[in-house]
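Understanding the architecture of this molecule
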Amino acid sequence: MAGTRPGIRGPDPASAPRSAVRLLGPVIFLLSAVGLAYQIALMRVLSVAQWHHFAYMIISVAMLGFAVSGTAIALARGWVKGREASLFHLATTLIPLVLVGCYALSQQIGFETFELVSQPRQRWNLVALYLILALPFALVSLCIALGFLMRPQRVGKVYFQTMVGSGVGAFGAIAMLGAMGPEKIPYVLSAVSAVALLLSAYGAGPRGRLLAGIGLLGAGSVIASTGVQSIRVSSYKGLSYALQLPDARVAARAVSPLSVLTAVESSLIRETPGQLSAYPMQRLGALPGQTALYFDAGAVSPVHRFDGDFGRFAFLDYVTPALPYRLVNRPRVLVIGAGGGTEVLSALAHGARRVTAVEVEPNVFRLLGEELAEYSGKLYERSDVDPVVAEGRGFLEARPEVRYDLIQISLLDSFNASAAGVHALNESYLYTREAVELYLSRLVPGGVLTITRWLSTPPRDAIKMIATLIEAAEGVGLEPARHLVGIRSWNTATLALSRSPLSAAQVRSAREFASSRWFDLIIAPGLRPSEVNTFTVLEDPVYYEAGRALLSNDRSRFYREYPFFVRPATDDRPHYARYFRWRTLPLFRAVGAANWGGFVEWGYVALVATLVQAAAAAIVLVLLPLWLFGRPSAGEGRGRRIPVVVYFGALGLAFMFLEIAFIQKFMLLLNHPTYAVAVVLTGFLLFSGFGSLFADRRRGSAAGPLVRRAVLAIGGVSVLFLVGLPPLFEGLSRWSDGGRIAASLCLLAPLAFAMGLPFPAGLQTVSSRCRWLVPWAWGWNGAASVVGAALATLLAVHLGFRIVVLMAIALYGLAALSLPALQRTQNPVEPRNEATPA
């Protein structure tokens, strides 16, 4: 770095081993791939160990590591100058060790989401988890930042190698997740980073080769002493409960990029789709044996022992999901989320002509056809069952010509998790208002859509579903009061929405079914107050009253005044299980006293905790040290930091906002969060890399016009996406998986290319004028990205992804406006002969 503190001189950068400089590109490429693949692997690890929303924490953790590395270089710039290559080699030496060491250590921390509020130690566990997992990313980022210093005239090229490597890492992570459990991937990545270490050590001299050998020996020792550390699953997840049963054993396990599927056998396992209070067991027989399928150790779907005798499944007529079979006769049924086959068996037992079973996890059908074939009676190989590996909504969008008599979605979330609210941030496009409108369009005249949800206390889930069905029915021109019927038990609610007005005979049949099975009606044509709240008696008939309010002209007032957020989810705000409202928290605490925590959606709490923690870490570890101790020395110039803060901070927030928003948007096309994360990250990083290479080759031209054109392109394409993606996705939904992935990458290419221009253009400007500010730029960009991941998600929950995209455009505009001040950041006293050679 040009210029040092008085009296401090390091070796001349020109004396660094030329071989280390020559191999810089391949090493940075490999380390960037490792860093991104490690990030995706940790997302999957925490999805199994805790829940899906911790993916946002990992993004924030990775960005924290990047920010800290820039801060460290900025604070130690006098010492770092001239030692860039040596430090680069030292960092690559440590990476294989910390990849496995930090992962293994993280599995020893007893963190529990549910105890964040009640147990202060859990907050420290979260902090420890955050800092431990950030260390590998900090070392990878340190190598990249040092690469910028070793190639001060080719910043764009180094950035290109970083971004392309990261894109390849995202793609590689998905390939690995299809072949092995996520807990094994850190060990594979340690081996890949060892290759980078050997490349870095080539030509570094005996000392460098010795250091590399010590690093490889250390990583091998950790692996030998700890082995492959299994994922520590939260004690609150269903799999943890099941494995505590006296005779429980794991019968099978399968992994895919989508989930870790675990089959548990026990004579004590009995999972039913809701209450069975009226079931005459002595007359109709006990329930058949079951094996439980756990998805990511949480949501459970039972596999029933089946020998072809449907008489053993009479109990499936005594649960609320059996309601639609009183409304349609011998239907053609589509079951979305078929899982272990409960609803498929129910449909066949109720006389369905044919059942199409749609399941997004491909290993379900394989397990039931192989390891569990004898147990399940090869249910999915029957001639009257059509198994389809697909996401339900995507399946229907791809087949506009197909119609069904009954579309059924039942209990896709585990009961304990749903009740605790950990799914508050799960983006589910199955339950949005637009999705319900799609389902209605795929029904025959007289066809029925039925959705069953676990009931939550206080009431909110079923009320939100009633609101969703009502608004969707109105959206397609139906009069919901004549088309909707719903019943509840003590723990489930089933709502049936008919495409045609319900006949008197259908309503009578629904009433008789509810009465004979001891279920309570909550909504139906002509329903009277005297008919509700008769079997499972609540203090107030809250579901009936909510239904009346939602069908009235005073719906908006009900939305405003109800303690929970029960407006329907939309494709712009697809967080169906988000009910929490900050303004009602004092009421909950006053009413619920010590038990108020049960009213809170814990996924939302975890996100807020992540945001607060990310902001605190960014301030303490990055911003304050830079501001207080990163001042320039005599001869380095003064007063040049504000433009760097504004420009690179705005870029960090804007990039993360667009990344998070379009990951969500592309879920509609790619049909699963894991695929969307991998494809969107690959597209953004790969084509941003090409944008940075373009900026590098044009580094002789003025940065201002280049950045302004890039910002205009980003704004234009982003707005075009907001308007044009939904209808475009509808057409692309008919393509194969490979075709949709290719189409996604092509769509992302122009936006990502433009997004790759401002950062290297600005960094090259800083590097050529005042190199001591390069780590500042890297650190502030990373700090903004740390906060941006969680902040983007929180804003999307409250305002929608459309607003997040518009805010990103505004932030890019702010960066463009601050560029002229950045260009005036120059060091008139910096000796030209101290620049590191290209």
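All values reported here derive from a predicted model rather than from experimental measurement.

A closer look at the nonpolar core
Counting residues in each nonpolar core, the largest one holds 172 residues, and the members touching the most others are Phe148, Phe648, Leu658, Phe662, Phe666, Phe684 and Tyr812. The element best represented in this core is helix 24 (residues 641–670), accounting for 20 residues. Ignoring any residue separated from it by four or fewer positions in sequence, one finds Leu658 in contact with Phe684, Ile714, Ser718, Met755, Val805, Ala808 and Tyr812. Grouped together as the second largest cluster of nonpolar side chains are 55 residues, Tyr279, Phe315, Leu323 and Leu379 included.

Structural notes on helix 29 (residues 774–799)
Between its terminal C-alpha atoms helix 29 stretches 35 Å, which fits the 38 Å expected from 26 residues at 1.5 Å a residue. Maximum bend of helix 29: about 35°, positioned at Gly788. Counted residue by residue, helix 29 has 23 buried out of 26 residues, so it is predominantly covered. Note on helix 29: the residue one or two positions beyond its end, Gly800, has a positive phi of about 100°.

Thoughts on the pattern of salt bridges
Applying the stated criterion across every chain yields a total of 24 salt bridges. In this structure, Arg488 engages Asp520 in a salt bridge whose closest nitrogen and oxygen atoms are separated by 3.7 Å. Of this pair, Arg488 sits in strand 10 (residues 484–488) while Asp520 sits in strand 12 (residues 520–523), and the two are 32 residues apart along the sequence. Here Arg488 and Asp520 have matching classes, each one buried. In this structure, the salt-bridge partner of Arg557 is Asp554, at a minimum N-O distance of 3.7 Å. Residues joined by salt bridges that share partners form a network here, namely Asp317, Arg326 and Arg517.

Overview of the pairing of strand 5 (residues 332–336)
Extensive coverage of strand 5 is indicated by the burial of four of its five residues. As paired strands, strand 5 and strand 6 (residues 354–359) are joined by five bridges and run parallel to one another. Directly across from Val333, in strand 6, lies its bridge partner Val355. Taken together, strand 5, helix 12 (residues 342–349) and strand 6 form a β-α-β motif whose crossover is right-handed. Two strands pair when backbone bridges link them, and strand 5 and strand 8 (residues 404–410) are joined in this way by four bridges, in the parallel orientation. Pairing of Ile336 across the sheet is with Ile409, part of strand 8.

Considerations on the confidence of the model for the protein
Looking at the protein as a whole, the pLDDT averages 84, with 87% of positions reaching at least 70. Long-range and interchain partners of residues 828–838, a stretch whose pLDDT sits below 50, account for 22 contacts in this model, where long-range means more than four residues apart.

Focus on the packing of aromatic side chains
Following the criterion strictly, the structure yields 21 aromatic pairs and no others. Seen in terms of ring centroids, Tyr647 and Phe648 are 5.0 Å apart; in terms of plane orientation they differ by 80°. Their pairing is edge-to-face. In terms of burial, Tyr647 and Phe648 fall into one category: buried. Look at Phe666 and Phe729: their rings are 5.2 Å apart centre to centre, the planes differ by 65°, and that puts the pair in the edge-to-face class. Here the residue Phe666 occupies a position in helix 24, and Phe729 occupies one in helix 26 (residues 703–732), the gap between them amounting to 63 residues. In this structure, Phe666 and Phe729 share a single accessibility class: buried. Ring pairs connect the aromatic residues Tyr279, Phe306, Phe310, Phe313, Phe315 and Tyr318, which therefore count as one cluster.

Here's the deal with the sheet that holds strand 2 (residues 260–265)
Think of a sheet as strands paired side by side through backbone hydrogen bonds, with each pair either parallel or antiparallel. With respect to topology, four strands assemble into an open sheet ordered 1-2-3-4, the strand pairing being antiparallel. The sheet is open, and its two borders are formed by strand 1 (249–255) and strand 4 (299–304), each paired with just one other strand. In this sheet, adjacent strand axes meet at a mean angle of 20° when their direction is disregarded.

Overview of unusual backbone geometry
Across the junction of Thr457 and Pro458, the peptide omega takes the value -5°, indicating a cis bond. Position of Pro458 among the secondary structure elements: in the loop between strand 9 (443–454) and helix 18 (461–475). Residue Asp296 is not a glycine yet carries a positive backbone phi of 50°. Within the secondary structure, Asp296 is located in the loop between strand 3 (290–295) and strand 4. Of note, Ala297 is a non-glycine position whose phi angle comes to about 65°, a positive value. Note on placement: Ala297 falls in the loop between strand 3 and strand 4.

Observations regarding a nonpolar patch on the surface
Nonpolar side chains collect at one region of the surface, where Leu131, Ile619, Val620, Leu621, Leu624, Trp627, Leu628 and Ile642 lie side by side and expose about 690 Å² of accessible area between them. In terms of residues, the nonpolar patch owes the most to one element, helix 23 (residues 602–629), which gives six residues. Relative to the assigned elements, Leu624 resides in helix 23.

Description of helix 13 (residues 362–369)
Residues of helix 13 that are buried: Asn363, Val364, Phe365, Leu367 and Leu368. The N-cap residue of helix 13 is Glu361: its side-chain oxygen and the backbone nitrogen of Asn363 are 2.9 Å apart.

Description of the sheet that holds strand 12
Pairing in this open sheet of eight strands is mixed, and the strands run 7-6-5-8-9-11-10-12 from one edge to the other. Sheet topology places strand 7 (385–389) and strand 12 at the edges, where each strand pairs with a single neighbour. If you compare each strand with its neighbour and ignore which way they point, the axes differ by 20° on average. Where helix 12 meets the sheet, it contacts strand 5, strand 6, strand 7 and strand 8, and its direction lies at approximately 175° from that of strand 6. Contacts from helix 13 reach strand 6 and strand 7, with the element oriented near 135° to strand 7.

Considerations on the side chain of Gln290
Along the chain, Gln290 turns up in strand 3. Overall, the relative accessible area of 2% leaves Gln290 in the buried class. Among the polar contacts made by the side chain of Gln290, one reaches the main-chain amide nitrogen of Glu271 at a distance of 2.5 Å. Apart from the residues within four sequence positions on either side, Gln290 is in contact with Ser266, Ile269, Arg270, Glu271, Pro302, Val303, His304 and Tyr375.

Quick notes on the rules
Residues numbered from 1 in each chain as written. Predicted model: local features only at pLDDT ≥ 70, side-chain atom pairs only at ≥ 80, totals over all residues. Heavy atoms only, no water. Core = buried A, V, L, I, M, F, W, Y, C linked by side-chain atoms within 4.5 Å. Buried < 20%, exposed > 50% of the residue type's maximum accessible area, 1.4 Å probe, protein only. Helix = DSSP H or I, 4+ residues; strand = E, 2+ residues; numbered from the N terminus. Contact = heavy atoms within 4.5 Å. Expected span 1.5 Å × (residues − 1). Bend = angle between axes of the 7 residues up to and from the residue. Salt bridge = Lys/Arg side-chain N within 4 Å of Asp/Glu carboxyl O. Pairing = 2+ DSSP bridges. Right-handed = clockwise from strand over helix to strand, strands pointing away. pLDDT = per-residue confidence, 0-100. Phe/Tyr/Trp six-rings, centres within 6.5 Å; stacked < 30°, edge-to-face > 60°. Axes fitted to C-alpha atoms, helices over the stretch in contact; angles between N-to-C directions. Patch = residues over 30% accessible without salt bridge, like charges linked within 9 Å, V, L, I, M, F, W, Y side chains within 5 Å. Areas by Shrake-Rupley, 256 points an atom, 1.4 Å probe, with all protein chains shown as cover. Polar contact = N/O pair within 3.5 Å; in protein donor to acceptor, adjacent residues only side chain to side chain.

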